Amino acid sequence: MSNLNKFAQKMLDAGVCDARGAVFCATAVGLPDGQFGMVLMGVVGNELSIYDTDMKSNVGEHLYTIPLKQVSDLQITNGLVAEIFKGYSFKFTYDGFEWKFKNCAQQKEQLEVIRHEVN
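My aim in this report is to walk through the structure given alongside it, one point at a time. (Residues numbered from 1 in each chain as written. Predicted model: local features only at pLDDT ≥ 70, side-chain atom pairs only at ≥ 80, totals over all residues. Heavy atoms only, no water.)

Overview of the nonpolar core
Here is step 1 of the chain: In this structure, Met-41, Ile-50, Phe-90, Phe-92, Trp-99, Phe-101 and Ile-114 are the most contacted members of the largest nonpolar core, which totals 27 residues.
Here is step 2 of the chain: When contributions to this core are tallied by element, the ones reaching two or more residues are strand E1 (23-30), strand E2 (37-44), strand E3 (47-53), strand E4 (59-67), strand E6 (88-94), strand E7 (97-104) and helix H3 (108-118).
Here is step 3 of the chain: When residues no more than four places from it in sequence are discounted, the contact partners of Ile-50 are Val-39, Leu-40, Met-41, Glu-61, His-62, Leu-63, Tyr-64, Ile-66, Trp-99 and Phe-101.
Here is step 4 of the chain: Listed in part, the nine residues of the second largest apolar core include Phe-7, Val-16, Cys-17 and Tyr-51. (Core = buried A, V, L, I, M, F, W, Y, C linked by side-chain atoms within 4.5 Å. Buried < 20%, exposed > 50% of the residue type's maximum accessible area, 1.4 Å probe, protein only. Helix = DSSP H or I, 4+ residues; strand = E, 2+ residues; numbered from the N terminus. Contact = heavy atoms within 4.5 Å.)

Side note on the environment of Asp-52
Here is step 1 of the chain: Checked against the element boundaries, Asp-52 lands in strand E3.
Here is step 2 of the chain: The partly exposed category is assigned to Asp-52, whose relative accessible area is 34%.
Here is step 3 of the chain: Placed 10 residues apart in sequence, Asp-52 and His-62 show a C-alpha to C-alpha distance of 6.5 Å.
Here is step 4 of the chain: Among residues more than four places away in sequence, those in contact with Asp-52 are Met-38, Asn-58, Val-59, Gly-60, Glu-61 and Leu-63.

Here's the deal with the packing of aromatic side chains
Here is step 1 of the chain: Per the counting criterion, the structure on display carries eight aromatic pairs.
Here is step 2 of the chain: Residues Tyr-64 and Trp-99 carry aromatic rings whose centres are separated by 5.0 Å and whose planes lie at 90° to one another, so their mutual orientation is edge-to-face. A residue pair is termed long-range when its members are at least 10 positions apart, and Tyr-64 in strand E4 and Trp-99 in strand E7 qualify at 35 residues. In terms of burial, Tyr-64 and Trp-99 fall into one category: buried.
Here is step 3 of the chain: Seen from their ring centres, Tyr-94 and Trp-99 are 6.3 Å apart, and the 45° between their planes marks the pair as tilted. (Phe/Tyr/Trp six-rings, centres within 6.5 Å; stacked < 30°, edge-to-face > 60°.)

Notes on the pairing of E6
Here is step 1 of the chain: Here E6 shows one buried face, formed by Tyr-88, Phe-90, Phe-92 and Tyr-94, and one open face, formed by Ser-89, Lys-91 and Thr-93.
Here is step 2 of the chain: Pairing analysis gives four bridges linking strand E5 (residues 72-77) to E6, with the strands arranged antiparallel. Bridge pairing in E6 places Gln-75 opposite Lys-91.
Here is step 3 of the chain: Sheet analysis places E6 next to E7, joined by six bridges and oriented antiparallel. The partner of Tyr-94 across the bridge, within E7, is Phe-97.
Here is step 4 of the chain: Connecting E6 to the next strand, E7, in antiparallel fashion are two residues, including Asp-95 with a positive phi near 55°. (Pairing = 2+ DSSP bridges.)

Geometric descriptors of this kind do not, in isolation, establish any biological role.
Next comes the structure, spelled out in structure tokens:
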């Protein structure tokens, strides 16, 4: 089992994601309460949950749950250069706030789960 699969299984066991394995770390550029920095994100059903995390991807405090059907203006920036050097970035609007995340390295499949749930 690859390290990525082990991580997804660990997060599935912890309830951070569902069987689709859409769980990853990203850098929050800004959150509604003014926080920023590394977060752990996971999709369960139609909800995106955001957790505090550390450099070892340990699950910290639960910060937000976002119902993905209520998200608008989802934009995922990708491309070869972005994927190689800094990963994907994405943003969306929810509850009147623009949520922005970057440094989603090698997370194409996980971001597609979010795109599918929003649409």
